[in-house]
Amino acid sequence: MEGRLYAIVPVTFSKKISSSRWKAFMDPKDLNLQNPTIYISSPATASVGRYRFQLCIFSQGGKRCCGFGKFTLLCNPWCSEDAVYIPFEDQREEYVQSDSGLLFMGTAKNVVSRPWSFDQYEHGVLEACLNLLQVSPQHQKNRRRDYLNRSNPVYISRVVSAMINSEDDHGVLKGNWSNNYKQGVHPSAWTGSGDILKQWAQSGYSPVKYGQCWVFAAVMCTVMRVLGIPCRVITNFNSAHDTNDNLVIEEYYSETGQKLKHSNDSIWNFHVWVEGWMTRQDLGAGMNGWQVLDPTPQERSGGVFCCGPAPVKAIKNRLIEARYDVPFVYAEVNADVHTIILSQGRVLSMSKDTERVGSLICTKAVGFPRMQNVTSDYKFIKSPTSTLSSRSSSTISEESTLRRESSSKGVLVFLNLDKTPIAGEPVRLTVQVVNKDSVAKTIKVHLNAQAKEYNNSPSDTFWENHGVVQLAPMEVKALQQEISPAQYEDVVGDDMINLAVVVEDMNSEERVLASEEFNIASPELIIEVADEHSIVLNQEHAATVTFTNPFSHPVTGVLTVAGAGLIQGKLQFRMSPLPPGGRVQQRIPFIPGMVGIKMLQASLSFTNIRTTIRGFKMLSVHSV
């Protein structure tokens, strides 16, 4: 190996290989001493990295050595003795070989899939991933120890988790959640890992600006797959960041339904990490399998901004002593939410929600461009009947999506979105107020909507409505409202909406709150390919990207098209102003350079609204 480690391997004529030691042999049937062919096999525990290969010939005249070049050794998930062995071929194809995938964002009830190119076969990506190990503080501090430890995927993945962010080292990505991205690239603009890794390597290992959680995770997934470790990207919807380790997240609202910033704890609408597949000899066979790794810099682990590997089985069973960082990940998927209504610093009411955090944990399905629900891998799912006392049943359909309920002694309130909100259409909602008492009530109703980023508290109110309703004894009254596109389009963009209703019994002064955070579903770009079932290597083909403007005003923007193995680099096209309801098409020529399943993806970034629309098409490229 390049460094201070080496192995002397005698060359034999025996083809018998060993999974525990290095072997080298020559085929006696194909013996050519002038131009010899030598076969080398490595032990399953060999360290990952670059190796130099030197052939030495011993004769009566002494020893003669000649250089034979270099080779790169990776983990081998096809080898049953390797610590990253995964037994099913379709999983190896998905979690190691696949160079494209989907990242899931939005909200649990309105999941948005974002195409991503992992780019592990692109020129320069392998070299960048190997250099990441060389640049790491562990290697710089003690090269020999680092080389020895690289036989262990637990060690490798922990190094990679720290090196993807740049908080403690010359890591790949600089995080930025400030909304000011003038010094770099907006995190939402990235479409693949290759550009990021190559820019990092070409800059002399200066952090690439900028990343957020899905970018950190997707780049780490690339590095892990390049190194031969099966890896998949995971999204946790309603992910808790519990700063005081009490498994409780406090959320505060004003008496008119405005969400307040009064706590260091937070719930991200979604958070993205990765899982790596490996054995855990340090913990025992019961902890083998998927391990959580989170490169987004949130908390220090062992003094460094990294997280994991934390066995998913340990998280589910709350085995908090298991290494690494199980308590932190457990809180991300299991914390309770306490919602508090305040008035001039005084607590008016408090409610508790045990279901919201970690309500959906998902990844891309094996072999198909759709979501796979893995929530039950992380937590024991409660039966629906056990939650009826605290939340209404949740059903998703085209006609009605029942959202959230809250109750007090005498009043019950439901907040419903009549359908999944779609860009260009009004957000229609219904508030149901229930008088549970046998006496009439006068109820104040306060509705409040605020825009918010997925990981932040909401900004100022952009829509509100206040009123008074009279309720007869035991009466249920439905109040219908809508937020027009003109009211939300310029404010929300790709962000979320925090919608809350506070009802106040004017007699008892009891207050009850129901809330929901949701995203506006943008239309997808439509990608069509002529003769899509007859895509052939090295022949020109054409795709057509179509966009119809759903917004209430004209839009302009830039269309970007990419596809690892299909297009060299990226293609960009500027879109002229398109009126509401207008339709535009763009022809995209491409010449496939690799066989297999490839992703053609397109994104349209608008210049006059903070929205990006995406689309993708999976294509099967054949050799003939």
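Residues numbered from 1 in each chain as written. Predicted model: local features only at pLDDT ≥ 70, side-chain atom pairs only at ≥ 80, totals over all residues. Heavy atoms only, no water.

Student: Please provide a residue-by-residue account of the overall build of the protein, values included.
Tutor: Of regular secondary structure, the protein possesses 11 helices and 37 strands. Scaling as 2.2 N^0.38, a compact globule of 624 residues should have a C-alpha radius of gyration of about 25 Å, and the protein matches this with 28 Å. By its C-alpha atoms, the protein is 110 × 55 × 40 Å across when sized along the principal axes. Across the 624 residues that make up the protein, the buried fraction comes to 52%. For the protein, the proportion of contacts with a sequence separation of at least 24, taken over those separated by at least 6, is 64%. (Helix = DSSP H or I, 4+ residues; strand = E, 2+ residues; numbered from the N terminus. Rg over C-alpha atoms; globule rule 2.2 N^0.38 Å. Buried < 20%, exposed > 50% of the residue type's maximum accessible area, 1.4 Å probe, protein only. Contact = heavy atoms within 4.5 Å.)

Student: Explain the packing of helix α2 (residues 125–135) against helix α5 (residues 153–164) to me, and be specific about the residues and the numbers.
Tutor: The N-to-C vectors of α2 and α5 enclose an angle of 95°; their axes lie 10 Å apart at closest approach. Comparing their axes, α5 and α2 come out roughly perpendicular. In this structure, α2 uses L132, L133 and V135 to contact α5, whose residues at the interface are I156, V159, V160, M163 and I164. Among the residues forming the contact of α2 with α5, the class breakdown is 8 nonpolar, no polar and no charged. (Axes fitted to C-alpha atoms, helices over the stretch in contact; angles between N-to-C directions. Parallel < 35°, antiparallel > 145°, perpendicular 65-115°, else oblique. Nonpolar A, V, L, I, M, F, W, Y, C, P; charged D, E, K, R; others polar.)

Student: Kindly report on α5, identifying the contributing residues and their values.
Tutor: In this model α5 runs 16 Å from its N-terminal to its C-terminal C-alpha over 12 residues, within 8% of the 16 Å that 1.5 Å per residue would give. Looking at where α5 begins, the residue whose side-chain oxygen comes 3.0 Å from the main-chain nitrogen of V154 is N152. (Expected span 1.5 Å × (residues − 1). Polar contact = N/O pair within 3.5 Å; in protein donor to acceptor, adjacent residues only side chain to side chain.)

Student: Kindly report on the pairing of strand β30 (residues 526–529), identifying the contributing residues and their values.
Tutor: The two faces of β30 differ: I527 and V529 on one face are buried, but I526 and E528 on the other face are not. Direction of pairing for β30 relative to strand β32 (residues 541–548): antiparallel, over a ladder of 4 bridges. Note that in β32 the partner of V529 across the bridge is A543. (Pairing = 2+ DSSP bridges.)

Student: Could you give me a rundown of the pattern of salt bridges, with the residues and numbers involved?
Tutor: If you walk through the whole model with that rule in mind, you get 27 salt bridges. A salt bridge links D99 to K598; the nearest nitrogen and oxygen atoms lie 2.9 Å apart. Separated by 499 residues along the polypeptide, D99 in the loop between α1 (89–97) and β6 (100–107) and K598 in strand β36 (residues 596–606) bring together distant segments of the chain. Summarising the burial analysis for this pair, D99 and K598 share the class buried. A salt bridge links D146 to R150, with the shortest nitrogen-to-oxygen separation between them at 2.9 Å. Accessibility assignment for this pair places D146 and R150 in one class, buried. Three or more residues are tied together by salt bridges with common partners; here these are E251, K259, R356, K452 and E517. (Salt bridge = Lys/Arg side-chain N within 4 Å of Asp/Glu carboxyl O.)

Student: Quick one: what's the story with helix α6 (residues 194–202), residue by residue and with numbers?
Tutor: Restricting attention to buried positions, one finds in α6 the residues G194, I196, L197 and W200. On its buried face, α6 sits against β7 (110–117), α2, α5, β8 (173–175), β9 (208–211) and α7 (213–226).

Student: Talk me through the sheet that holds strand β28 (residues 496–505); I want residue IDs and the actual numbers.
Tutor: Strand order across the open sheet formed by 4 strands is β26-β25-β28-β29, with antiparallel pairing between neighbours. Across the chains shown, the open sheet's two edge strands, defined by having one partner strand only, are β26 (461–471) and β29 (511–519). If you compare each strand with its neighbour and ignore which way they point, the axes differ by 15° on average. Sheet contacts for helix α11 (residues 485–492): β25 (441–452), β26 and β28; angle to β26, the most-contacted strand, approximately 140°.

Student: So what's going on with the UniProt feature "domain: Transglutaminase-like" (unreviewed entry) in the protein? Residues and values would help.
Tutor: If you check UniProt for "domain: Transglutaminase-like" (unreviewed entry), the listed places come out as residues 205–297 in our numbering. Secondary structure within residues 205–297 divides into 15% helix and 45% strand; the distance between the first and last C-alpha atoms comes to 18 Å. (UniProt positions renumbered as here; feature names shortened; annotations may be inferred.)

Student: I'd love a proper account of the UniProt feature "active site" (unreviewed entry) in the protein, names of residues and values included.
Tutor: Taking the numbering used here, the UniProt-annotated feature "active site" (unreviewed entry) corresponds to C213, H271 and D294. Across 82 residues of sequence, these annotated residues stay compact in space, with a maximum C-alpha separation of 9.7 Å. Topologically, H271 is positioned in strand β13 (residues 266–278). Apart from residues no more than four positions distant in its own chain, H271 is found in contact with C213, I234, T235, N236, S239, D294, T296, Q298 and E332. Its place among the elements puts D294 in the loop between β14 (289–293) and β15 (300–301). A relative accessible area of 1% places D294 in the buried class. For D294, the contacting residues outside a window of four places in its chain are S161, H271, V272, W273, C306, C307 and E332. A distance of 3.0 Å separates a polar side-chain atom of D294 from the backbone nitrogen of T296.

Student: Talk me through the nonpolar core; I want residue IDs and the actual numbers.
Tutor: Ranked by size, the top nonpolar core spans 58 residues in total, and within it I164 and W214 carry the most contacts. Those elements that provide at least two residues to this core are β6, α2, α5, α6, α7, β10 (231–241), β13 and β20 (360–364). Among the elements that take part in this core, α7 stands out by supplying 12 residues, more than any other. Filtering out sequence-adjacent residues up to four positions away, I164 remains in contact with L132, G171, V172, L173, F216, V219, M220, V223 and P295. (Core = buried A, V, L, I, M, F, W, Y, C linked by side-chain atoms within 4.5 Å.)

Student: Residue-level account of the environment of E332, with values.
Tutor: Inspection of the secondary structure puts E332 in helix α9 (residues 326–334). Considered as a pair, E332 and G358 are 26 residues apart in the sequence and their alpha carbons are 7.0 Å apart. When neighbours within four sequence positions are excluded, E332 is seen to be in contact with N236, N238, S239, A240, H271, W273, D294, Q298, V357 and G358.

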